[in-house]
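Fold and contact review
Chain by chain, the residues run as shown.
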Amino acid sequence: GEKKRMLDLAGENARTELARKLASAGADREALEKLRRLVDLPKAETPPVIDCFDVSNLQGTHVVASRVRFRAGIPDRAGYRRFRVRGVDGQDDFASMEETIRRRFQAYLRERERSAEQGKFSYPPSLVVIDGGVGQLGRAVKVMDELGIDIPVIGLAKRMEEVYLPGQPEPVRIPRNEEALYLLQQVRDEAHRFAVTYHRTLRSKSMVDSLLDEVEGVGPGRKKALTRRFGSLKKMREASRDELAEVVPAGVAERLYEALHR
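What counts, and at which threshold
- Residues numbered from 1 in each chain as written.
- Predicted model: local features only at pLDDT ≥ 70, side-chain atom pairs only at ≥ 80, totals over all residues.
- Heavy atoms only, no water.
- Helix = DSSP H or I, 4+ residues; strand = E, 2+ residues; numbered from the N terminus.
- Rg over C-alpha atoms; globule rule 2.2 N^0.38 Å.
- Contact = heavy atoms within 4.5 Å.
- Lys, Arg positive; Asp, Glu negative; His and termini not counted.
- Charge placed at Lys NZ, Arg CZ, Asp CG, Glu CD.
- Core = buried A, V, L, I, M, F, W, Y, C linked by side-chain atoms within 4.5 Å.
- Buried < 20%, exposed > 50% of the residue type's maximum accessible area, 1.4 Å probe, protein only.
- Arc of directions from axis to C-beta.
- Salt bridge = Lys/Arg side-chain N within 4 Å of Asp/Glu carboxyl O.
- 1 Å grid on protein atoms, 1.4 Å probe; cavity = no way out; pocket = protein on both sides within 12 Å on 5 of 7 lines; lining within 4 Å.
- Points joined across faces, edges and corners; volume = space filled by probe spheres on them.
- Nonpolar A, V, L, I, M, F, W, Y, C, P; charged D, E, K, R; others polar.
- pLDDT = per-residue confidence, 0-100.
- Axes fitted to C-alpha atoms, helices over the stretch in contact; angles between N-to-C directions.
- Parallel < 35°, antiparallel > 145°, perpendicular 65-115°, else oblique.
- Left-handed = near helix turned anticlockwise from the far one by under 90°.
- Phe/Tyr/Trp six-rings, centres within 6.5 Å; stacked < 30°, edge-to-face > 60°.
- Lys NZ or Arg CZ within 6 Å of the ring centre and 35° of its normal.

For the rest of this paragraph, the subject is the overall build of the protein chain. A tally of regular secondary structure across the protein chain gives 8 helices and 7 strands. At 23 Å, the protein chain has a C-alpha radius of gyration far larger than the 18 Å of a compact globule built from 262 residues. Summarising its shape, the C-alpha atoms of the protein chain cover approximately 70 × 60 × 45 Å along the three principal directions. Residue pairs in contact within the protein chain that sit at least 24 positions apart in sequence constitute 58% of those at least 6 positions apart. For the protein chain, the separation between the mean place of its 48 positive charges and that of its 41 negative charges on side chains is 3 Å.

Moving on: the nonpolar core. Within the largest apolar cluster, 25 residues are counted, with the highest numbers of intra-cluster contacts made by Phe53, Ile101, Phe105, Val128, Ile130, Met144 and Val153. Looking at this core, the elements that each hand over two or more residues are strand 1 (49–58), strand 2 (61–71), helix 2 (93–114), strand 5 (127–131), helix 3 (134–147) and strand 6 (153–157). Once you skip the residues sitting within four places of it in the chain, Ile130 turns out to touch Phe53, Met97, Ile101, Gln136, Leu137, Ala140, Val153, Ile154, Gly155 and Leu156. The next biggest cluster of nonpolar side chains, apart from the first, holds 24 residues, and it includes Cys52, Val68, Ile154 and Leu156.

Here we come to helix 5 (residues 220–230). Inspection of helix 5 places Lys223, Leu226 and Phe230 among the buried residues, and these make up the whole buried set. The buried residues of helix 5 occupy an angular sector of 65° when the element is viewed end-on, so they sit on one face. Every exposed residue of helix 5 that faces more than 90 degrees away from the buried side is listed here: Pro220, Gly221, Lys224 and Arg228. Residues of helix 5 that are buried make contact with helix 4 (179–212), helix 6 (233–238), helix 7 (241–245) and helix 8 (250–260).

A complete count under the given rule lists 26 salt bridges for this structure. Note that Lys34 and Glu178 form a salt bridge whose closest N and O atoms lie 3.0 Å from each other. Here Lys34, found in helix 1 (residues 2–38), pairs with Glu178, found in the loop between strand 7 (162–164) and helix 4; they are 144 residues apart in sequence, far enough to count as distant. Among the residues examined, Glu178 registers a relative accessible area of 22% and is labelled partly exposed. Between Glu161 and Arg188 there is a salt bridge, with its nearest N and O atoms 2.9 Å apart. Here Glu161 is found in the loop between strand 6 and strand 7, whereas its partner Arg188 is found in helix 4, with 27 residues between them in sequence. Note on accessibility: Glu161 and Arg188 belong to one class, buried. One connected set of salt bridges, linked through shared partners, spans Glu98, Arg102, Arg139, Lys142 and Glu146.

Computed from the structure, the second largest pocket encloses a volume of approximately 220 Å³. In terms of residues, the lining of the second largest pocket owes the most to one element, helix 3, which gives 3 residues. For the lining of the second largest pocket, the residue count by class is 10 nonpolar, 1 polar and 3 charged.

This part takes up the confidence of the model for the protein chain. Taken residue by residue, the protein chain gives an average pLDDT of 85. The fraction at 70 or more is 90%. Of all helices and strands in the protein chain, the one with the weakest mean pLDDT is helix 1 (78), whereas helix 3 scores best (95).

Our next topic: unusual backbone geometry. Of note, Ala72 is a non-glycine position whose phi angle comes to about 55°, a positive value. With respect to the helices, strands and loops of the structure, Ala72 is situated in the loop between strand 2 and strand 3 (74–75). A residue is classified by how much of its surface remains accessible, and Ala72, at 12% relative accessible area, is buried.

The next subject is the packing of helix 2 against helix 3. Running from amino to carboxyl end, helix 2 crosses helix 3 at an angle of 30°, the nearest separation of the two axes being 9 Å. With respect to helix 3, the axis of helix 2 lies roughly parallel. Both helix 2 and helix 3 take part in a crossing whose hand is right-handed. Where helix 2 abuts helix 3, its residues Asp93, Phe94, Ala95, Met97, Glu98, Ile101, Arg102, Phe105, Gln106 and Leu109 lie against Gly135, Gln136, Arg139, Ala140, Lys142, Val143, Met144, Glu146 and Leu147.

Here the focus is the packing of aromatic side chains. Tallying each qualifying case throughout the model produces 3 aromatic pairs. Joined through ring pairs, the aromatic side chains of Phe53, Phe105 and Tyr108 make up one cluster. Residue placement shows Arg104 over the ring face of Phe105; its charged tip is 4.5 Å from the ring centre.

On to empty space enclosed by the protein. Evaluated as defined, the whole model comprises 1 cavity of 30 Å³ or more. Approximately 40 Å³ is the volume attributed to the largest cavity. Ranked by the residues each element gives to the lining of the largest cavity, the list is headed by helix 1, at 3 residues. Along the lines of polarity and charge, the residues of the lining of the largest cavity split into 6 nonpolar, no polar and 1 charged.

This is the structure in structure tokens:
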């Protein structure tokens, strides 16, 4: 009956997705091999896992970082992580990257020692890619050395798309038409997108909180209800007085409407 039809559909979807991933992995095999030779990675029986880190901020506010994971050249969204940078004052991308790498790999060491179970940070990558040049790469390598972790780390600088390797003052310039460079750009761009998305979310929430704090009658409970209903300042501003009054009392809704359109 209906349950059998749903199972058949799920199975077909799974087969289609598996075929797509296998095809993509085959297409990326050459790029991964060239990248492996570039950074002198040892050959492995399992597909290489690439972790990429990026930092995002706006004039030193809401500093965040991201980690994305690619497995065999394919995004592995179960391995995506977001970080709020807490120990850095102002806009310091080098220090922010250092804090992010330290927190990520300290968590890896803790989970590795605690149990054999796989935690969210317990699986080590084959390669770490840093979005940045010599400065960001140097901070990352420093942390890895201090923690005694032997995982290759490289930096990819945006301006000239140059690859920086530890201990080498001159960058490696991969030809523009090389699949290895395209793969690195794809990984880096995804890390940047993920970090920027998180940063925008926090900035939007901060703007909502700031405005709602000014409105008499809006406390923590009503603030949460308004955020849950409208989601963003833009949506709240588009709402009518009656729509706002569906969430808060009419008098509060009137004051909120005036504040939103002041």
